[in-house]
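Here are the chains, one letter per residue:
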Amino acid sequence: QVQLVESGGGLVQAGGSLRLSCVASGNIVKFNVMGWYRQAPGKQREWVAASTTYGTTNYADSLKGRFTISRDNGKNTVYLRMDSLTPEDTAVYYCNLNEGGLEHWGQGTQVTVSS
């Protein structure tokens, strides 16, 4: 069984930064895509960013320049650095691991940005 555990969420003032972490454990295929989604209250879950095993990264257009995804393959960990946060970034952030179409999800970590 693959498990994903996120950490790093919390309360931050507008303009601040946070770094989320997600550690994957279990029987994980070598090539995979790890990424982040978020879900704000009353809204659908939206894709934020993703990184492949080889380091290729992609971002939602609206978040480019403020969010940075990175990963440590040796630790099966993916990070999301979030800068210049605004109240609109308030959401539950979910880690996602995609193994060739088989998806795994973390339990989510709350990020709240106060104005």
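As shown above, the structure is provided for reference.
Throughout what follows, the structure given in this document is the object of discussion. (Residues numbered from 1 in each chain as written. Predicted model: local features only at pLDDT ≥ 70, side-chain atom pairs only at ≥ 80, totals over all residues. Heavy atoms only, no water.)

Things to note about the packing of aromatic side chains
Then, in step 1: Tallying each qualifying case throughout the model produces two aromatic pairs.
Then, in step 2: Aromatic pair Tyr-37 and Trp-105: ring centres 4.9 Å apart, planes at 65 degrees, arrangement edge-to-face. Here Tyr-37, found in strand β4 (residues 33–39), pairs with Trp-105, found in strand β10 (residues 102–105); they are 68 residues apart in sequence, far enough to count as distant.
Then, in step 3: Positioned over the ring face of Tyr-94 is Arg-45, at 3.8 Å from the centre of the ring.
Then, in step 4: Taking NZ or CZ as reference, Arg-45 lies 4.6 Å from the ring centre of Trp-105, over its face. (Phe/Tyr/Trp six-rings, centres within 6.5 Å; stacked < 30°, edge-to-face > 60°. Helix = DSSP H or I, 4+ residues; strand = E, 2+ residues; numbered from the N terminus. Lys NZ or Arg CZ within 6 Å of the ring centre and 35° of its normal.)

Section: the pairing of strand β8 (residues 77–82)
Then, in step 1: Taking burial as the measure, the six residues of β8 include five buried ones, the bulk of the element.
Then, in step 2: Bridging between strand β3 (residues 18–25) and β8 involves six bridges; their strand directions are antiparallel. Looking across to β8, one finds that Arg-19 is bridged to Arg-81.
Then, in step 3: For strand β7 (residues 67–72) and β8, the ladder comprises six bridges, and the chain directions are antiparallel. (Buried < 20%, exposed > 50% of the residue type's maximum accessible area, 1.4 Å probe, protein only. Pairing = 2+ DSSP bridges.)

Describing unusual backbone geometry
Outside of glycine, negative phi angles account for most residues, and trans bonds account for most peptide bonds.
Then, in step 1: Positive phi, close to 50 degrees, is recorded for Asn-76, a residue that is not glycine.
Then, in step 2: Secondary-structure assignment places Asn-76 in the loop between β7 and β8.
Then, in step 3: Among the residues examined, Asn-76 registers a relative accessible area of 30% and is labelled partly exposed.
Then, in step 4: In this structure, Ser-84 takes a positive phi of about 50 degrees despite not being glycine.

Observations regarding the sheet that holds strand β1 (residues 3–7)
Then, in step 1: What the four strands build is an open sheet, ordered β1-β3-β8-β7; its pairing is antiparallel. Single-partner strands in this sheet number two, and they are β1 and β7. For this sheet the average axis-to-axis angle between neighbouring strands, irrespective of direction, equals 15 degrees.
Then, in step 2: Judged from the five bridges that link them, β1 and β3 form a sheet pairing that is antiparallel. Residue Gln-3 lies in a different strand from β3, and its bridge partner there is Ser-25. (Axes fitted to C-alpha atoms, helices over the stretch in contact; angles between N-to-C directions.)

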